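Structure assessment
What follows is the residue order along each chain.
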Amino acid sequence: MIRMNPIRFAAYGAAAGAVAGVFASAGIIAGQAIAARRRPSLDPRRAPAMVGDQGPTDGTPLRLVMLGDSIAASVGAGSERASLAGRLIRALVADGNRVAARTVAVPNSYTVDVKIQASRALITSESDPYDIAVIVVGAMDVCAWTSPRAIEHVTARTITALVNRGIRVVLATTPDMGSVPCVKPPLRWLWGLRTGQVTEAQINGALAGGAEVVNLAELTGDAFSGDASLYAEDGFHPSADGYRIIADAIAPTVRAAARARRAV
């Protein structure tokens, strides 16, 4: 089960309950949802490029692949050095690894899209398989009300396919969408509640498939809810500082996966 901050989660529940009493019509929520889809957003082509080979020049490289959505692609980071992948690669290099990295992440992806990304990664690495796959996804599923059952099912199947090829998988769940500045209550409160549902489905699917899990809502939710500077100018994607917070949450699990992979 997820371990979301109980005070914040209770606040979302109380707020949503108040909404049900005060706003009898669903028109307000529907209008906000339409406006959210039309909001100005960062150009996904602004995602920084990934430097594919870093660290010592000798030895067998540790092969890393990034899958997922705009966060996996680091839209809003501004530079490769500030990106999520760049920060994770540097953490692995600091442990003495030579790292060869690639991304198949596509901005604005849903959980179901990661299944296609995984297939692409497996096909293109048949002769030289990846050692570690890092998946970051879920925000779009929160916004689009994807069925938790579908999320759990697809997550389990995607991860199983990667694990069966000997890849160690780290899944980072959706961040807490209940604090994004680009939308206002009551929709923001409902996104907060949806975060818990999506996170639980992701965790259940990831564990069933054999992945290690990083609960971003639990580990980074307080930071993002208390500091608007962690968001980029569109109020939806993380800023460079936001990616630092996310990378700090994910890096320990990725480093542990690398050590376990090297020990095999």
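Heads up: the structure comes first, above all this text.
Just so it is clear, the model here is predicted, and its values are computed rather than measured.

1. Re unusual backbone geometry
- P185 connects to P186 through a cis peptide bond whose omega is 10 degrees.
- One can find P186 in the loop between β5 (168-172) and α8 (187-209).
- The phi angle at N108 is positive, at roughly 70 degrees, despite the residue not being glycine.
- Examined against the element boundaries, N108 turns out to sit in the loop between β3 (99-103) and α5 (111-124).
- Judged by its relative accessible area of 40%, N108 is partly exposed.
- Of note in this structure, W145 is not a glycine but carries a positive phi near 65 degrees.
- One can find W145 in the loop between α6 (139-144) and α7 (148-163).

2. What to know about the pairing of β3
- With two bridges connecting them, strand β1 (residues 53-54) and β3 associate as antiparallel partners. Note that in β3 the partner of D53 across the bridge is A100.

3. Details of the environment of P252
- You can see P252 is positioned in helix α10 (residues 240-263).
- By relative accessible area, P252 is classed as partly exposed at 48%.
- Sequence separation of P252 and V214 is 38 residues, and the distance between their C-alpha atoms is 9.5 Å.

The rules behind the values
- Along each chain, residues carry numbers from 1 onward, in the same order as the chain's sequence is written.
- Whole-chain, interface and lining totals are the exception, using all residues; otherwise, since this is a predicted model, local features are given only for residues with pLDDT of at least 70 and side-chain atom pairs are given and counted only at 80 or more.
- In computing side-chain properties, one takes all heavy atoms of the structure into account and sets aside hydrogens as well as water.
- For the purposes of this entry, the term helix denotes a DSSP run of H or I that reaches at least four residues, the term strand denotes a run of E that reaches at least two, and both are numbered from the N terminus.
- Burial status follows relative accessibility: with a 1.4 Å probe on protein chains alone, a residue under 20% of its type maximum counts as buried, one over 50% as exposed, and anything between as partly exposed.
- A pair of strands is considered paired only if DSSP assigns at least 2 bridges between the two.

Interpretation in functional terms is not warranted from these geometric data alone.
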